[in-house]
Every structure is written in structure tokens, then in C-alpha cells.
Amino acid sequence: MARKRKVNYPVAKTATKRAPAPGTDASIVRPNLATIDLTAGAGRAGLTVGDRVRIEAAGLYSGETAVIERLIGGVIPAALVRTEADRTRRVRTIDLVPLKSESRPPTDTAAAE
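Residues numbered from 1 in each chain as written. Predicted model: local features only at pLDDT ≥ 70, side-chain atom pairs only at ≥ 80, totals over all residues. Heavy atoms only, no water.

Draft legend 1. Representation of the overall build of the chain. On a plain count of helices and strands, the chain comes out with one helix and five strands. Going from the N terminus to the C terminus, the chain shows its helices and strands as β-β-β-β-β-α. Taking all 113 residues of the chain together, 19% fall into the buried category. Only carbon and sulfur atoms are counted for the fraction: they give 55% of the accessible area of the chain, which is about 10000 Å². (Helix = DSSP H or I, 4+ residues; strand = E, 2+ residues; numbered from the N terminus. Buried < 20%, exposed > 50% of the residue type's maximum accessible area, 1.4 Å probe, protein only. Areas by Shrake-Rupley, 256 points an atom, 1.4 Å probe, with all protein chains shown as cover.)

Structural data, given as C-alpha cells:
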């Protein structure tokens, strides 16, 4: 009967890394690390359906103006908005900034005739 050979595994690549020297700043900031906004759970008060808002979140519709179609409750309050380009998106309410209502002159149908 033949003897089994012992299996040799290569040394891990992380085995050569040493611990940082004492007194140095060991916290390395990674650029691709996601950050969590802990204030998002509170939401933004004063938003109602039909309000015009600007989207301040980073992403596809950043900086666009939109109209709130539906408010969605939950752990992180959100709103379904429709942009001026007629696209819809779900946005956290903390990322919405209310726009001041534009004062439009009243339309008089009798004056148009």
C-alpha cells in the first residue's frame, strides 16, 4: 500500500503584512467605501404630494427639479417623484429640497376673449 503525501498549501499573501507601528494613524480611508447618512431616518418634514422639489442626491437625476407623486413611509422615509423629463424615481426625503412656489399671475379667461 502506498503512503499518502502530505499536502503543502502556499503561504497566504496577507501573512507578510505587519501591524502598524504604535503611535501612527492606523485608520486608512478607502475612496470606494460607502458612507451611511444616519440622519436619513428622520426624513425631511413639510413635504406633501404635489410639491416641487430639487433632487440633491448623487446619481442619475441629481440637480433636477421634480414633483412629488407619492410619499412612502418606512424606516427611511422616501418619495416617488416625477422629473421634468417625465421620468420617475424613488428618492429619500432627506435628499429633496423644496422649491419656492413660483408666483404666477392668475389667468383670466374673460380677458383672453
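Draft legend 2. Fine view of the pattern of salt bridges. Counted according to the given criterion, the structure contains five salt bridges. When the shortest N-O distance is used, the salt bridge between Arg 92 and Asp 95 registers 2.9 Å. Given a relative accessible area of 13%, Asp 95 falls into the buried group. What you see here is one network of salt bridges that share partners, running through Glu 69, Arg 82 and Asp 86. (Salt bridge = Lys/Arg side-chain N within 4 Å of Asp/Glu carboxyl O.)

Draft legend 3. Structural view of the pairing of strand 3 (residues 78–83). Among the six residues that make up strand 3, five are buried, leaving the element largely enclosed by the rest of the structure. Taken together, the six bridges between strand 2 (residues 65–72) and strand 3 define a ladder with antiparallel strand orientation. Counted as the bridge partner of Val 67 is Arg 82 from strand 3. Linkage of strand 2 to strand 3, two consecutive antiparallel strands, is achieved through a turn of five residues, within which Gly 74 is found at a positive phi near 150°. By the bridge criterion, five bridges tie strand 3 to strand 4 (residues 88–92) in an arrangement that is antiparallel. Bridge pairing links Arg 82 to Thr 88 in strand 4. The antiparallel pairing of strand 3 with strand 4 creates a hairpin that spans four residues between the two strands, and Asp 86 there sits at a positive phi of about 65°. (Pairing = 2+ DSSP bridges.)

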